[in-house]
Amino acid sequence: MLRLSKLLSLVWWLAAIGIQGNEENSFFVESIEFKGVRYVSQSILRAELKLEEGAYYTEEELKNGQYRLDRLTFIWRSEIALRKGSKRGAYRLVITIEETRRFFWHLETNLVYTSERYTEVDEPGSGLLHLQTSILSLGYRWFFRKSELRLQAPGLVSYLNYDLFGTGAVLNTGFGPTPGKWDRDDSFGRSPFPVNGELADIVLESSDLLGYISFSFPLGGDHWLHANAFSGGGELESLNLLTMPDLAFENTEISFGNASINWSYNRTDHPTFTTSGLVLQAGFAHDWLDFDFAESQKPKAAQEWVRDMGYMVVRRFWELSPDQTFGIMLNGNWGNNRHKGVNARVPEDYQSGKFGLDLLYGRNFLDRRFLKKNRDFRFEAKVGYHYSASDLVDVFPAAEYGQYEAEISFTARDNFGTLRLGLRYESKDRGLWP
Amino acid sequence: MMMLLLHTFLAPLILSTGNPKFGLSNAGDLAIGFPAELFEEKKIETQLQSGLTTTMLVTVVGQNGKKVRGGARVDIRFEPWDEIYHISIFHYNGDKEILMLQSQKVLMDLLTGRRIRVASSQPAARLLVTLQVLPFSKTEQVDTQKWFSKTLASNQQGSGYMLDLIFAASIKRKTSRKFQWTVDWEP
């Protein structure tokens, strides 16, 4: 009875304080001023702020404007304040911003240990340790009117427009050699076909050229509609080339592409170190991949591969305390695959899909003073399970397989760039390839 | 890199200033006064002068087995036209006080002068005091409900924990600053 009465009291209090807290002030903003602007065009800031001069706004709406600015990659932080305007009851909205530098860099690398067992191979399994450098980019940016121009090593040129034809839509397009990427590509992984008792890692050695275009249309609030497309070309290689000439893929050129459309809702508190909020995304994608094997290698596998799939992402973050975060991330896709080629083992059409669940604990050290500057740091521990399935049960014994993952990482960010170092363990039974 | 890692993991998470002081209100409740130097910090001073609402959320928890749990919330907004401070105080028992203060000095007197009631009358105890300074948000006013749920449900671990999770889920903005002290209270 005591417990019930306490709970009833609680409900009453939640209602009482909620009602008391709903009184909101509204302010007439006669002008908007930016301070601290060095590189960024004010036209971009005004377009992203989405607040007009000569209108009434609540504190929540003003804070939402600041939130939109803080999410821009070239804004390090901002402060907003209301100051007296030209007549009583009118205010100047003063926004002080601190920008990131024109020169920017991003390095993300993982030391990965992969433990694999192959259902098609008569051996107990194997372990593989490798360094995965996913992203390494160096770049420089310029701003003019509502546009941003980026040049990224080794030569990728990007153009962004932050208010296309006054619609609030964002255009992002680019072309050129892609930023450095030395990585084992998971979509290839290890070949299940042993040669001389050994297995080969199939890797995408390089992507020579990439072109992309992306439109993001605001649907209101934090809802967006995105339409994206990219296409590029590269070259396939395999490791252990000397011992397994039959699996050598040198001189095998590939071309790839993707077109997708998706809806997203993003309401998180920080663009990099999310501590709370929700991200939802759902859409459809069309992927293709063409192999152009060297004459001496033909026939080897599928030569043309196309996939149509639906996908969804859900990410939810909770702020356990001002410096601790817990997150749940779900992602899934399911689609139809078609391929033309000479691999008799695989039917021309099959279904495949993936589903993943990750749990994340993060410790955030936001805005900490170090080496005379304020920087953000974050330590993360993540565990996850990813399940892959297809209807190729008559073709591969492991048409369904799971992968367990554990990862710890450290990320540092300042107004120059971001550094992320990770240690990762993966355990999987992978008999399906590709 | 090693220095960077050491700095990150060894540096204190919560910055402290001088200790808050406790006293008894006219009604005999435990009341808190914050250290004055806390409001001299540039970030807090800027936030208080921004013309937008700043929320100060304080919680008090007994240490060494003492069953003391309480808290209060203070909303502060500086009005540039009148150069006055609009204050709303939610005391631990739900009493709400609305004030208009004419100057920063009067505001400091309020915040440092042991007028914010955080718990009922208490015997001597060691208290853990946590102060969070938050930017205003309508949707995040459940912060108050968060500490209140903690206070009310302190003897009901199960429901208190669940409510805490629910309330934590609705905080979408980072705390601007957090301070924590351990203070010995002598009646």
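Worth saying up front: this structure is predicted, and the values here are computed from it rather than measured.

S.K.: Go over the overall build of chain A, please, and point to the residues and values.
M.R.: Secondary structure summary: chain A contains three helices and 20 strands in total. Looking at chain A residue by residue over its 434 residues, the buried ones come to 50%. In chain A, the share of contacts with a sequence separation of at least 24, taken over all contacts with a separation of at least 6, comes to 59%. Total accessible area computed for chain A in this model is approximately 20,600 Å², and 58% of it derives from carbon and sulfur atoms.

S.K.: Account for the environment of valine 40 of chain A, with residues named and values stated.
M.R.: Residues and elements named next belong to chain A. By the element assignment, valine 40 lies in the loop between strand S1 (26-35) and helix H2 (42-49). Among the residues examined, valine 40 registers a relative accessible area of 5% and is labelled buried. Once the C-alpha coordinates of valine 40 and serine 390 are considered, the two residues, 350 residues apart in sequence, prove to be 48 Å apart. Filtering out sequence-adjacent residues up to four positions away, valine 40 remains in contact with Leu45, Phe74, Glu99 and Phe143.

S.K.: Provide a residue-level description of the pairing of strand S6 (residues 96-101) of chain B, including the pertinent values.
M.R.: All names here are of chain B. Bridging between strand S5 (residues 84-90) and S6 involves six bridges; their strand directions are antiparallel. Opposite tyrosine 85, over in S6, you have leucine 101 as the bridge partner. Here S5 folds back onto S6 in antiparallel fashion, the turn holding five residues, of which glycine 94 has a positive phi close to 95 degrees.

S.K.: Go over the packing of aromatic side chains with me, naming the residues and quoting the values.
M.R.: All names here are of chain A. Per the stated rule, a full pass over the model turns up 14 aromatic pairs over all chains. Ring centres of phenylalanine 74 and tyrosine 162 lie 5.7 Å apart, and the angle between their planes is 85 degrees; this geometry places the pair in the edge-to-face category. You can see phenylalanine 74 sitting in the loop between helix H3 (59-70) and strand S3 (75-84) and its partner tyrosine 162 sitting in strand S8 (residues 156-164), a full 88 residues away along the chain. Across the pair, exposure class does not vary: phenylalanine 74 and tyrosine 162 are buried alike.

S.K.: Explain helix H3 (residues 104-112) of chain B to me, and be specific about the residues and the numbers.
M.R.: Residues and elements named next belong to chain B. Among the residues of H3, Leu107, Met108, Leu110 and Leu111 are the ones counted as buried. One side of H3 carries all its buried residues, which in axial view fall inside an arc of 160 degrees. Of the surrounding elements, those touching the buried residues of H3 are strand S2 (30-33), strand S3 (54-62), strand S4 (69-79), S5, S6 and strand S7 (116-119). Looking one or two residues past H3, arginine 114 carries a phi angle of roughly 55 degrees, positive in sign.

S.K.: Describe the pattern of salt bridges, and please don't skip the residues or the numbers.
M.R.: A complete count under the given rule lists 26 salt bridges over all chains for this structure. Shared partners join several salt bridges into a network, and the residues in it are Glu108, Glu405, Glu407, Arg420, Arg424 and Glu426 of chain A.

S.K.: Mind laying out the side chain of glutamate 48 of chain A, listing which residues take part and the relevant values?
M.R.: All names here are of chain A. Relative to the assigned elements, glutamate 48 resides in helix H2. No salt bridge is formed by the buried glutamate 48. Its closest oppositely charged neighbour is lysine 50, at 4.7 Å. Not counting residues up to four positions away in its chain, the partners in contact with glutamate 48 are Arg68, Leu69, Leu72, Tyr162 and Val170.

S.K.: Before we move on, could you go through the sheet that holds S7 of chain B and cite the residues and values that matter?
M.R.: Residue and element names in this part refer to chain B. Overall, antiparallel pairing links the three strands, which are arranged S1-S2-S7 in an open sheet. With one partner strand each, in any of the chains shown, strand S1 (21-24) and S7 form the two edges of the open sheet. Mean inter-strand twist for the sheet, computed between neighbouring axes without regard to direction, equals 45 degrees. Across four bridges, the pairing between S1 and S2 is antiparallel. When the sheet's bridge partners are listed, lysine 21 is paired in S2 with glycine 33.

S.K.: Which residues make up the sheet that holds S3 of chain A, and what are the values?
M.R.: All names here are of chain A. Taken together, four strands build an open sheet; the order of strands is S2-S1-S4-S3 and the sheet is mixed. On the outer flanks of this sheet lie strand S2 (55-58) and S3, each paired with one strand and no other. Adjacent strand axes in the sheet meet at a mean angle of 45 degrees, parallel and antiparallel pairs treated alike. Judged from the nine bridges that link them, S3 and strand S4 (residues 90-99) form a sheet pairing that is antiparallel. Bridge pairing in S4 links lysine 84 to tyrosine 91. Packing against the sheet, H2 makes contact with S1, S3 and S4, and its axis sits at approximately 150 degrees to S1. With respect to the sheet, H3 is in contact with S1, S2, S3 and S4, its orientation differing from that of S3 by roughly 150 degrees.

S.K.: Let's hear about the confidence of the model for chain B: which residues, and what values?
M.R.: Residues and elements named next belong to chain B. Looking at chain B, the pLDDT average stands at 72 and 69% of residues meet or exceed 70. Ranking the elements of chain B by mean pLDDT puts helix H5 (residues 157-169) last, at 32, and S5 first, at 91. This model gives residues 1-16 a pLDDT under 50, and the stretch forms 32 contacts once residues within four places in sequence are excluded. Two summary scores accompany this predicted model of the complex, namely pTM at 0.76 and ipTM at 0.74.

S.K.: Report on the nonpolar core, specifying residues and quantitative values.
M.R.: For soluble globular proteins, nonpolar side chains are generally found buried alongside one another. Residue and element names in this part refer to chain B. In this structure, Phe22, Phe34, Phe39, Ile76, Ile87, Leu111 and Leu131 are the most contacted members of the largest nonpolar core, which totals 37 residues. If you tally residues by element for this core, the top one is strand S8 (residues 125-135), at five residues. Each residue touching isoleucine 76, except ones within four places of it in the same chain, is listed here: Leu48, Leu52, Thr53, Thr54, Met56, Tyr85, His86, Ile87, Leu107 and Leu111.

S.K.: Talk me through unusual backbone geometry; I want residue IDs and the actual numbers.
M.R.: All names here are of chain A. Of the consecutive residues alanine 153 and proline 154, the connecting peptide bond is found in the cis state with omega at 5 degrees. Of note in this structure, lysine 50 is not a glycine but carries a positive phi near 55 degrees. Topologically, lysine 50 is positioned in the loop between H2 and S2. Residue lysine 50 is classed as partly exposed on the basis of its relative accessible area of 33%. The residue arginine 145 is not glycine, and still its phi comes out positive at about 45 degrees. Relative to the elements of secondary structure, arginine 145 occurs in the loop between strand S6 (126-144) and strand S7 (147-152).

S.K.: An account of the confidence of the model for chain A is needed here, citing residue identities and associated values.
M.R.: When pLDDT is averaged across chain A, the result is 79; 73% of the residues are at 70 or more. Predicted confidence is poor over residues 239-244 of chain A, with pLDDT under 50, and the contacts of this stretch with residues over four places away or in other chains come to 14 contacts.

S.K.: An account of a nonpolar patch on the surface is needed here, citing residue identities and associated values.
M.R.: Residue and element names in this part refer to chain A. A cluster of nonpolar side chains, Phe103, Leu138, Tyr140, Trp142, Leu151 and Val157, forms an exposed patch at the surface whose accessible area comes to about 510 Å². When residues of the nonpolar patch are assigned to their parent elements, the largest contribution, three residues, is made by S6. Mapped onto the elements of the fold, tyrosine 140 is located in strand S6.

S.K.: Mind laying out the packing of H2 of chain A against H3 of chain A, listing which residues take part and the relevant values?
M.R.: Residues and elements named next belong to chain A. Remark: H2 packs on H3, axes separated minimally by 8 Å, with the N-to-C direction vectors making an angle of 130 degrees. Comparing the axis directions of H2 and H3 gives the class oblique. Judged by the sense of rotation from one axis to the other, the crossing of H2 with H3 is right-handed. Side by side, H2 and H3 meet where Leu45, Glu48 and Leu49 of the first sit next to Gly65, Gln66, Arg68 and Leu69 of the second. For the contact of H2 with H3, a count of residues per class yields three nonpolar, two polar and two charged.

Reading guide: rules and limits
- Residues numbered from 1 in each chain as written.
- Chains lettered and ligands numbered in written order.
- Predicted model: local features only at pLDDT ≥ 70, side-chain atom pairs only at ≥ 80, totals over all residues.
- Heavy atoms only, no water.
- Helix = DSSP H or I, 4+ residues; strand = E, 2+ residues; numbered from the N terminus.
- Buried < 20%, exposed > 50% of the residue type's maximum accessible area, 1.4 Å probe, protein only.
- Contact = heavy atoms within 4.5 Å.
- Areas by Shrake-Rupley, 256 points an atom, 1.4 Å probe, with all protein chains shown as cover.
- Pairing = 2+ DSSP bridges.
- Phe/Tyr/Trp six-rings, centres within 6.5 Å; stacked < 30°, edge-to-face > 60°.
- Arc of directions from axis to C-beta.
- Salt bridge = Lys/Arg side-chain N within 4 Å of Asp/Glu carboxyl O.
- Lys, Arg positive; Asp, Glu negative; His and termini not counted.
- Axes fitted to C-alpha atoms, helices over the stretch in contact; angles between N-to-C directions.
- pLDDT = per-residue confidence, 0-100.
- Core = buried A, V, L, I, M, F, W, Y, C linked by side-chain atoms within 4.5 Å.
- Patch = residues over 30% accessible without salt bridge, like charges linked within 9 Å, V, L, I, M, F, W, Y side chains within 5 Å.
- Parallel < 35°, antiparallel > 145°, perpendicular 65-115°, else oblique.
- Left-handed = near helix turned anticlockwise from the far one by under 90°.
- Nonpolar A, V, L, I, M, F, W, Y, C, P; charged D, E, K, R; others polar.

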